[in-house]
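# Inside the fold
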Amino acid sequence: MAKSVDYLAMENGSYIPPRPKHPNFQRTRSFREIQGIISKMNPEVVKSVIQNGSSSTNNKSFVSDFPLCDYTLRLSCGGDEKNGVKYSTSPLTIFYNGTVSVFHVSPQKAEDILKFGEQAIHNSEINSHGQQYQYLTQSLNDLPITRRISLQRFLEKRRERLIMLSPYYFPTNNSNFNSSRKR
Amino acid sequence: MEETNSKKKINCTEGSSSSGTGSSSSSGPYDTVWECVIPYVNDPRDRAAASQVCKRWYAIDAITRAHVTIAFCYSVTPQILSRRFPQLESLKLKGKPRAAMFNLIDENWGGYVAPWLNQVAIGSFPKMKALHFRRMIVSDADLETLANSRTGKSLEVLKLDKCSGFSTDGLLHIGRLCRNLRTLYMEESMLVEKDKEWLHELASNNSVLENLNFYMTELTQVKPGDIELIASRCKSLVSVKISDCDISYLVGFFRAASSLEEFGGGSFSLPLQQTNEGVFSDPFEPYAGVAFPPKLCGLGLTYMGKAEMPVIYPVASKLKKLDLLYSLLGTEDHCELLKRCPNLEFLEARNVIGDRGLEVLAQFCKGIKRLRIERGADEQEMEDVEGMVTQRGLIALSQNCLELEYLAVYVSDITNSALECIGAYSKNLSDFRLVLLDREERITDLPLDNGVRSLLKGCDKLRRFALYLRPGGLTDVGLSYIGQYSPKIRWMLLGYVGESDKGIIEFSKGCPSLQKLEMRGCCFSERALAMAVLGLTSLRYLWVQGYNACGDGRDLLTMVRANWNIELIPARRHFVHDDERGTLAIAEDHAHILAYYSLAGERNDFPNSVRMFDPSAFRNT
């Protein structure tokens, strides 16, 4: 289980976020690192995050979207605290500096937190030109050369064929390549 | 349309022959000549110019224009088209951005054929015979509407090219009712297979089919008997490209298809496993009886491996077109095969062909006109170790194959001298596309500024150009060269070029003919992009993904103008399941900008992931 970092200084009772140690929030610094971290997370936590996200959105793919530059955030959990009535909280998971933290907050709080985060990046980008480009190239490195769909499908099928050729393969009833021999 | 002075001066007799058109009597001998000439004027640019001479010529063009390609379906409405060209015989429409072919556009983005087919079905185009839809959404209901209309009865060509949204139910209507079809084309379309009846319907009702294509579709229930029936009933059958169907079952088909010139698809089964006695059966044996038709000159066989390759040898020397994209050949196999194809004009292969394969081409296939080299698998063990194309192969190719008109290649390494060589030798090149793969960390010779300049200066017939590099691949100076030396280029795809806003601004001062620009992974700000749009005088379509998006996008206001639609697909991040690693991963989709001229106003069929750019949102702030 990842250790918890008091990023928001919530324990102090105040909500002023501390200055980030690095001028750049390098959240896109390592795609693979983030992947590695997720795989170390408690799967139950991850699942609940996904379920909260997908329960009120219609899209086929998983979780709620985290718009990068759009300030109208959409967080699809529970309700809000209004008129003294406390609504349910949901987990907010934050990846920062190689650690993962999970907080249970109401949607409104979560929105505020994320807005703070966005603002911190925005301010630091204006301050540092050179680092802006660095952030940018790192960010653009997450734009891999995508493959043509037809070739992608062919390469996947070829992989399946190789698996079927292996000495340890046991054919099942729904093997595609046998069906091509059927009349 | 202005009347020309010369027309006003003419006082010709009313009765002058005007090819029996019975049209306005104030025309003269100039009109008669023009009416005789215009059937031979087919280039749309020439037609467009002619139609602006005067009202009369505009009218003649309007009623004689036979074919129109609408490069982006949202630039105009079906009603406008039917008013402008009511006698249209052939229509080609393109929908989704090209990026859709690379999985970058949501399925429900748009590009519906329904409004167009409805216009056709109500009889707005009484002479319509050929419909070609590319990257559009087609439903079964659309196909049913078409099949039941008067146009459907006389339709000769239907191409659903990389379309989606329909199933074999829709094809049933087509097969049953469109009995005049010469061409049914569905290559790479994503359709749902409900049963195999559609092919049988087509076979039973059609005797004039010339081209049948459902290559690279997921149709698995293909009965060889139905294909053979089509071959025996349709004596003019010239081109057949199908989905997976074992080649050994097509022996009867090949015998019946006596006029066949092109075949693609089929498949080769997995080699049989070791039998109990420990003897491997010969994988070629089931295919020894396959004999291709006598006129066959185009071939592409799916899952063809080294053992099955000899099936091509008897026809190799006649081949003009060869598709090895979906074969299972190594570098050496490519070399063996290509040596036997001296008449090859069009080759498609993955980069497993390697530099050695290109050297074989350079030696044996000097007449090659079109070469497309696609990206193979990334994993080392899945492709041949030699399976990389670099400057070595390109230099050999360009120096020896002087007929080259189309070259598209994914390279693992590149130098300026290779590009200079292409510029020096490939004088017939009209379409050049180069993608630098991102596997190798070090590239021999970057930036490519000088090579690109030499290539553009040397290949003066270039109309289409794509250059996809990496940071450092092309400086701002290099980007300005592209602007300076591309007088005739109409379409460009640029990836990871330039270093700063200066680059794109300089670029936009040139490219006088550039109509369609696609860019990816650029460091340009929204302000620079908007200014570049204003600088590119012929630009009518822009697509960008991955740019320096800072702020709320208000800098795009710079390019707001009449009839110019601006759509945004905001950036998103979402969790996806990474099948390869079996874990969760964050996928990052960078924002898109899509901007285009349109006479149709803003569209209203866009999904939630798309946002129309709204200038009024910035007015109060």
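Note that the coordinates shown come from a computational prediction; the quantities given were computed from them, not determined experimentally.

## Considering the overall build of chain A
Secondary structure summary: chain A contains six helices and two strands in total. Element order for chain A, N to C, with α for helix and β for strand: α-α-β-β-α-α-α-α. In chain A, which comprises 183 residues, the share counted as buried stands at 38%. Residue pairs in contact within chain A that sit at least 24 positions apart in sequence constitute 54% of those at least 6 positions apart. Element-wise, carbon and sulfur atoms account for 53% of the exposed surface of chain A, whose accessible area totals about 11700 Å².

## Structural notes on the side chain of Lys96 of chain B
Residue and element names in this part refer to chain B. Relative to the elements of secondary structure, Lys96 occurs in the loop between β2 (90-94) and α6 (114-121). By relative accessible area, Lys96 is classed as buried at 7%. A distance of 2.9 Å separates the side chain of Lys96 from the backbone oxygen of Glu107, its partner in a polar contact.

## Section: the packing of helix α18 (residues 449-458) of chain B against helix α19 (residues 476-484) of chain B
When two helices pack together, you describe them by how their axes are tilted relative to each other and by the distance separating the axes. Residue and element names in this part refer to chain B. For the pair α18 and α19, interaxial distance at closest approach is 9 Å and the crossing angle is 5 degrees. Taken together, α18 and α19 sit at an angle that is classed as roughly parallel. Between α18 and α19, the residues in contact are Asp449, Asn450, Val452, Arg453 and Leu456 and Val477, Gly478, Tyr481 and Ile482, respectively. For the contact of α18 with α19, the residue count by class is five nonpolar, two polar and two charged.

## A few points about helix α7 (residues 140-148) of chain B
All names here are of chain B. Of the positions making up α7, those classed as buried are Asp142, Leu143, Leu146 and Ala147. When α7 is viewed along its axis, its buried side chains cluster within an angular range of 130 degrees and face the same direction. Here the buried face of α7 lies against α6, β3 (130-134), α8 (150-154), β4 (157-161), β5 (164-167) and α9 (168-177).

## Re the confidence of the model for chain B
Residue and element names in this part refer to chain B. Considering every residue of chain B, the mean pLDDT works out to 91; 91% of them sit at 70 or more. Scored below 50 in pLDDT, residues 1-25 shows 34 contacts in the model against residues more than four places distant or in partner chains. Contacts from residues 274-278, a stretch scored under 50 in pLDDT, to residues over four places away or in other chains number two contacts. For this predicted complex, the interface confidence comes out at an ipTM of 0.89, alongside a pTM of 0.79.

## Examining the state of the cysteines
Within the structure shown, the criterion is met by zero disulfides over all chains. Cysteine Cys234 of chain B shares no disulfide, and the gap to the nearest cysteine sulfur, in Cys178 of chain B, comes to 14 Å.

## A look at the nonpolar core
In this structure, Phe253, Phe263, Ile312, Phe465, Ile482, Leu494 and Phe507 of chain B are the most contacted members of the largest nonpolar core, which totals 179 residues. Residues in contact with Ile312 of chain B, not counting those within four places in the same chain, are Leu299, Leu301, Met304, Leu319, Leu322 and Leu337 of chain B. The next biggest cluster of nonpolar side chains, apart from the first, holds ten residues, and it includes Leu155 of chain A together with Tyr215, Tyr326 and Ala377 of chain B.

## So, the packing of aromatic side chains
All names here are of chain B. Per the counting criterion, the structure on display carries 19 aromatic pairs over all chains. Here the aromatic rings of Phe72 and Tyr74 are separated by 5.8 Å at their centres, their planes lie at 65 degrees, and the arrangement is edge-to-face. With respect to burial, Phe72 and Tyr74 carry one shared label: buried. Taking the centre distance of 5.0 Å and the plane angle of 80 degrees together, the rings of Phe254 and Phe263 count as edge-to-face. Accessibility expressed as a relative area gives 2% for Phe254, which makes it buried. With relative accessibility at 1%, the residue Phe263 sits in the buried group. Through a chain of ring-to-ring contacts, the aromatic side chains of Phe72, Tyr74, Trp109, Tyr541 and Tyr596 assemble into a single cluster. Positioned above the aromatic ring of Phe346 is the side chain of Arg370, whose terminal nitrogen or guanidinium carbon lies 5.1 Å from the ring centre. Above the plane of the ring of Trp109 lies Arg603, whose end atom (NZ or CZ) is 4.2 Å from the centre.

## Digging into the environment of Ile113 of chain A
Along the chain, the position of Ile113 of chain A falls in helix α3 (residues 107-127). Each C-alpha atom of the pair Ile113 of chain A and Ser150 of chain A lies 42 Å from the other, and the pair is 37 residues apart in sequence.

## Focus on the UniProt feature "domain: Transport inhibitor response" (unreviewed entry) in chain B
Under the UniProt annotation, the feature "domain: Transport inhibitor response" (unreviewed entry) is placed at residues 86-133 of chain B. With 17% helix and 19% strand, residues 86-133 of chain B has end C-alpha atoms that lie 19 Å from one another.

## Examining the pairing of strand β1 (residues 90-96) of chain A
Residue and element names in this part refer to chain A. Within β1, six of the seven residues are buried, which leaves the element mostly enclosed by the surrounding structure. Of the pairings in the sheet, the one linking β1 to strand β2 (residues 99-105) comprises seven bridges and is antiparallel in character. Each bridged residue has a counterpart across the sheet, and for Tyr96 the counterpart in β2 is Thr99.

## Some thoughts on the environment of Glu89 of chain B
All names here are of chain B. Relative to the helices and strands, Glu89 is located in the loop between α5 (78-84) and β2. Residue Glu89 is classed as partly exposed on the basis of its relative accessible area, which comes to 34%. In this view, Glu89 contacts Ala66, Lys127, Met128, Lys129 and Ala130; residues no more than four positions away in its chain are not counted.

## Here we look at the pairing of strand β11 (residues 298-301) of chain B
Residues and elements named next belong to chain B. Both faces of β11 are covered, namely the face carrying Gly298 and Gly300 and the face carrying Leu299 and Leu301. Direction of pairing for strand β10 (residues 262-265) relative to β11: parallel, over a ladder of four bridges. Across the sheet, residue Glu262 finds its bridge partner in β11, namely Gly298. The sheet contact formed by β11 and strand β12 (residues 321-323) spans two bridges and is parallel. Bridging across to β12, Gly298 finds its partner in Lys321.

Thresholds applied
Residues numbered from 1 in each chain as written. Chains lettered and ligands numbered in written order. Predicted model: local features only at pLDDT ≥ 70, side-chain atom pairs only at ≥ 80, totals over all residues. Heavy atoms only, no water. Helix = DSSP H or I, 4+ residues; strand = E, 2+ residues; numbered from the N terminus. Buried < 20%, exposed > 50% of the residue type's maximum accessible area, 1.4 Å probe, protein only. Contact = heavy atoms within 4.5 Å. Areas by Shrake-Rupley, 256 points an atom, 1.4 Å probe, with all protein chains shown as cover. Polar contact = N/O pair within 3.5 Å; in protein donor to acceptor, adjacent residues only side chain to side chain. Axes fitted to C-alpha atoms, helices over the stretch in contact; angles between N-to-C directions. Parallel < 35°, antiparallel > 145°, perpendicular 65-115°, else oblique. Nonpolar A, V, L, I, M, F, W, Y, C, P; charged D, E, K, R; others polar. Arc of directions from axis to C-beta. pLDDT = per-residue confidence, 0-100. Disulfide = S-S within 2.5 Å. Core = buried A, V, L, I, M, F, W, Y, C linked by side-chain atoms within 4.5 Å. Phe/Tyr/Trp six-rings, centres within 6.5 Å; stacked < 30°, edge-to-face > 60°. Lys NZ or Arg CZ within 6 Å of the ring centre and 35° of its normal. UniProt positions renumbered as here; feature names shortened; annotations may be inferred. Pairing = 2+ DSSP bridges.

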